[in-house]
Amino acid sequence: MAKKRSSSERTGHKNRNTGKGASRSGRNRSGNFFLILQGLFSIAFMGVVLLLDMLPVNYLALVAMILFFLWCVTFVSQAARKKRGGIGKAYSLLVIAVLAVGTYYVAKTNNMIAMITSGGVKVDNMVVAVLVDDPAETLEDAADYTFGVQFAQGADNMQSAVLDIQEQLGADISMTEYGSVQEQAQALVSGETQAIIYNQTYTELMDETVDGYSDQIKIIYRHEIETKLNFGGSEEDDSLIKEPFTVYISGLDVYGDERDGEGRDSERSDVNIIAVVNPTTHQILLVTTPRDYFVPIPGVSGGMKDKLTHAGTYGIDASMATLGELYETDINYYVRLNFSSLIDIVDILGGVDVYSDYAFETGWESGYEMQVQEGLNHFDGQQALAFCRERHNLVDGDNQRGRNQQAVITAMLKKALSPTMLLKANSIINQVSEDVETNITQGQLNSLVKYQLGTGAEWTIQSVAATGFDGEDYSYSMPNDLVYVIYPDEMVVNEIIHLTNVVEEGRTLNEGEQLN
């Protein structure tokens, strides 16, 4: 006969079963917690990727499948198994950590793109300057001074500054009018007037006329004037993947964050390149124009000619209008970068392979000494910048420097358009957000990236350079001084106009239609 168990034995066995059940229930609860948490982070990650709006549908589907697969692995290790699943929990915790970091960086990327595409606004800084040893430290200290003004250049900004000064002082000010900012600078340094009012972006023009001007003065007042620029370009997200467009690429001869300091919205441009882009034929025509090209500045110089680089003094809109009129095309978009951004972006790309027409040595002008060989050269950021800046050691001077700048930009575009650069996208965008500004909207930029990823299109990038003849002349910005200029070669300009039309009309550039 089977031996009966006592009530105490039955109770003990029941308690042991209950303990096992409770332990299993606790493990299930923790497993379910990891399942839910990983699911929430997967949804969050997918959400920010969708908000970024840069990936085509097939990429989005792949991301969703990977996230679902990773969640299924956790489900199998937790919900579908009766064992502890400790390894599964560790795996899920690792996936959650990766998703959390990924979500943060994708969201950060979205914010950085917003910074890059925040252009389209020009800021002019109107200032009052007195001599450095003048006792006046504030505008109120100079209330009874005579202020030197000029209305020949930037009359609207000058009028706005005068009205603001008078409003702050609560009284009209005494003014003496001069014919140019250079005359203002000379009058202040000579003691002819006690203070002058001018746009801070004209400082370089004043320094060229009055040696050491910037070191002899101090600023006691600033008045910021913000102007919304309208270049007539479409703001539809898909406009840049459907119709040809032209972008002005402006390279500033400055270092540091593009948004730091004063007067960065109106600055001389050392690099002046327009990119004519046809997204349907996948052609890009790069046109470089020497900084000393002698041309009129529409809406500014009244038909009088000036050096192209001086157009940047009056705002990026003035540079775009000047080049648009020169090449008979509409320029609706711009990208502005400084020398720091070139160094950093090239380094992030892992260097670039650049073709040089000549062998030469860079020197003091570039700030970096190196030997460039004829043919293909691999440059890091500092070397690429030196290659772009050098002109005195080149036989064709500024004309060849323009072609060298085109070669570097072409190499950067080819590297950036490579699918392998997707792995470095966050680093590139992070750096670009610090040093680059454009009026292309975030939606347009996202559409361009999505289009490139979706099509994998091979782009044809061709370059031409405007040339001319050396000379000296009086310019609009420096009417009292003979300055070095390059008179445009009209035959070359007309040929560039023809090539621009070819790209815009969707025809294909061939070797017979390219400038040598």
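In this report, the structure presented in the accompanying data block is examined. Quantities reported herein were computed from a predicted structural model and do not represent experimental measurements.

### Considering the overall build of the chain
- The helix and strand inventory of the chain stands at 14 helices and 19 strands.
- Expressed as a percentage of its 516 residues, the buried residues of the chain come to 51%.
- The long-range fraction of contacts in the chain, counting pairs at least 24 apart against all pairs at least 6 apart in sequence, stands at 72%.
- For the chain, the accessible area works out to roughly 24700 Å², and carbon and sulfur atoms hold 54% of it.

### Some points on helix H11 (residues 397-416)
- Taking 1.5 Å per residue, 20 residues should reach 28 Å; H11 reaches 29 Å between its end C-alpha atoms and fits that length.
- Within H11, 15 of the 20 residues are buried, leaving the element largely enclosed by the surrounding structure.

### A closer look at the nonpolar core
- In terms of nonpolar packing, the biggest core is built from 42 residues, with Val354, Phe387, Val408 and Met412 touching the most fellow members.
- Once you skip the residues sitting within four places of it in the chain, Met412 turns out to touch Leu342, Ile345, Val346, Leu349 and Val352.
- Formed by 28 residues, the second largest nonpolar core is a distinct cluster that contains Tyr293, Leu323, Val464 and Ala466.

### Focus: the packing of aromatic side chains
- The tally for this structure, following the rule as stated, stands at 11 aromatic pairs.
- With a centroid separation of 6.3 Å and an interplanar angle of 65°, the aromatic rings of Tyr198 and Tyr213 are classed as edge-to-face. Linking Tyr198 in strand S4 (residues 195-199) with Tyr213 in the loop between helix H6 (203-209) and strand S5 (217-228), this pair joins segments that are 15 residues apart in sequence. Taken individually, Tyr198 and Tyr213 each receive the classification buried, so the pair is uniform in this respect.
- Where Phe379 meets Phe387, the ring centres are 5.2 Å apart and the plane angle is 40°; that geometry is what we call tilted.
- Grouping aromatic residues by their ring pairs yields a cluster made of Tyr202, Tyr314 and Tyr476.

### Some details on the pairing of strand S3 (residues 174-177)
- As paired strands, strand S2 (residues 146-149) and S3 are joined by four bridges and run parallel to one another. By the bridge assignment, Val149 is partnered in S3 with Glu177.
- A crossover links S2 with its parallel partner S3, the connecting element being helix H4 (residues 155-169), and its sense is right-handed.

### Looking at the packing of helix H3 (residues 86-116) against helix H13 (residues 442-455)
- Between H3 and H13, the shortest axis-to-axis distance is 9 Å and the interhelical angle comes to 120°. For the element pair H3 / H13, the angle class is oblique. The way H3 lies across H13 gives a crossing that is right-handed. Contacts from Asn110, Ile113 and Ala114 in H3 reach Gln442, Leu445 and Asn446 in H13.
- Taken together, the residues of the contact of H3 with H13 sort by class into three nonpolar, three polar and no charged.

### Focus on the sheet that holds strand S1 (residues 121-131)
- Strand order in the open sheet formed by five strands is S3-S2-S4-S1-S5, with mixed pairing between adjacent strands. The open sheet has two edge strands, S3 and S5, and neither has a second partner. Across the sheet, the mean angle from the axis of one strand to that of its neighbour is 25°, orientation sign disregarded.
- Where S1 meets S5, 11 bridges bridge the pair, whose relative direction is antiparallel. Each bridged residue has a counterpart across the sheet, and for Val123 the counterpart in S5 is Glu226.

### A few points about the pairing of strand S6 (residues 245-252)
- Within S6, eight of the eight residues are buried, leaving the element largely enclosed by the surrounding structure.
- Every second residue of S6 is oriented toward a common face, with Phe245, Val247, Ile249 and Gly251 on one face and Thr246, Tyr248, Ser250 and Leu252 on the other, all of them buried.
- When S6 meets strand S7 (residues 269-278), the two strands line up antiparallel, connected through eight bridges. Bridge pairing links Thr246 to Val276 in S7.
- Where S6 meets strand S11 (residues 333-338), six bridges bridge the pair, whose relative direction is parallel. When the bridges of S11 are listed, Leu252 appears paired with Asn338.

### A look at the sheet that holds strand S8 (residues 283-288)
- The mixed open sheet is built from six strands, whose spatial order is S16-S11-S6-S7-S8-S17. Strand pairing shows two members of the sheet lacking a second neighbour, strand S16 (436-438) and strand S17 (460-465), which therefore form its edges. Between one strand and the next, the sheet's axes are offset by a mean angle of 20°, whatever the strand orientation.
- For S11 and S16, the ladder comprises three bridges, and the chain directions are antiparallel.

### Remarks on the environment of Thr203
- By secondary structure assignment, the location of Thr203 is in helix H6.
- For Thr203, a relative accessible area of 16% gives the class buried.
- Note: C-alpha distance between Thr203 and Ser214 (11 residues apart in sequence) is 7.4 Å.
- In this structure, Thr203 is in contact with Tyr198 and Ser214, ignoring residues within four places of it in sequence.

### So, the pattern of salt bridges
- Inspection of the entire model under this criterion finds nine salt bridges.
- Across the pair Asp238 and Lys242 runs a salt bridge whose closest N-O atoms are separated by 3.4 Å.
- In this structure Asp238 comes out as partly exposed when scored by relative accessible area, which is 30%.
- Under the relative-accessibility criterion, Lys242 is labelled partly exposed at 43%.
- Shared partners join several salt bridges into a network, and the residues in it are Arg291, Asp292, Lys307 and Arg391.

What counts and how
- Residues numbered from 1 in each chain as written.
- Predicted model: local features only at pLDDT ≥ 70, side-chain atom pairs only at ≥ 80, totals over all residues.
- Heavy atoms only, no water.
- Helix = DSSP H or I, 4+ residues; strand = E, 2+ residues; numbered from the N terminus.
- Buried < 20%, exposed > 50% of the residue type's maximum accessible area, 1.4 Å probe, protein only.
- Contact = heavy atoms within 4.5 Å.
- Areas by Shrake-Rupley, 256 points an atom, 1.4 Å probe, with all protein chains shown as cover.
- Expected span 1.5 Å × (residues − 1).
- Core = buried A, V, L, I, M, F, W, Y, C linked by side-chain atoms within 4.5 Å.
- Phe/Tyr/Trp six-rings, centres within 6.5 Å; stacked < 30°, edge-to-face > 60°.
- Pairing = 2+ DSSP bridges.
- Right-handed = clockwise from strand over helix to strand, strands pointing away.
- Axes fitted to C-alpha atoms, helices over the stretch in contact; angles between N-to-C directions.
- Parallel < 35°, antiparallel > 145°, perpendicular 65-115°, else oblique.
- Left-handed = near helix turned anticlockwise from the far one by under 90°.
- Nonpolar A, V, L, I, M, F, W, Y, C, P; charged D, E, K, R; others polar.
- Salt bridge = Lys/Arg side-chain N within 4 Å of Asp/Glu carboxyl O.

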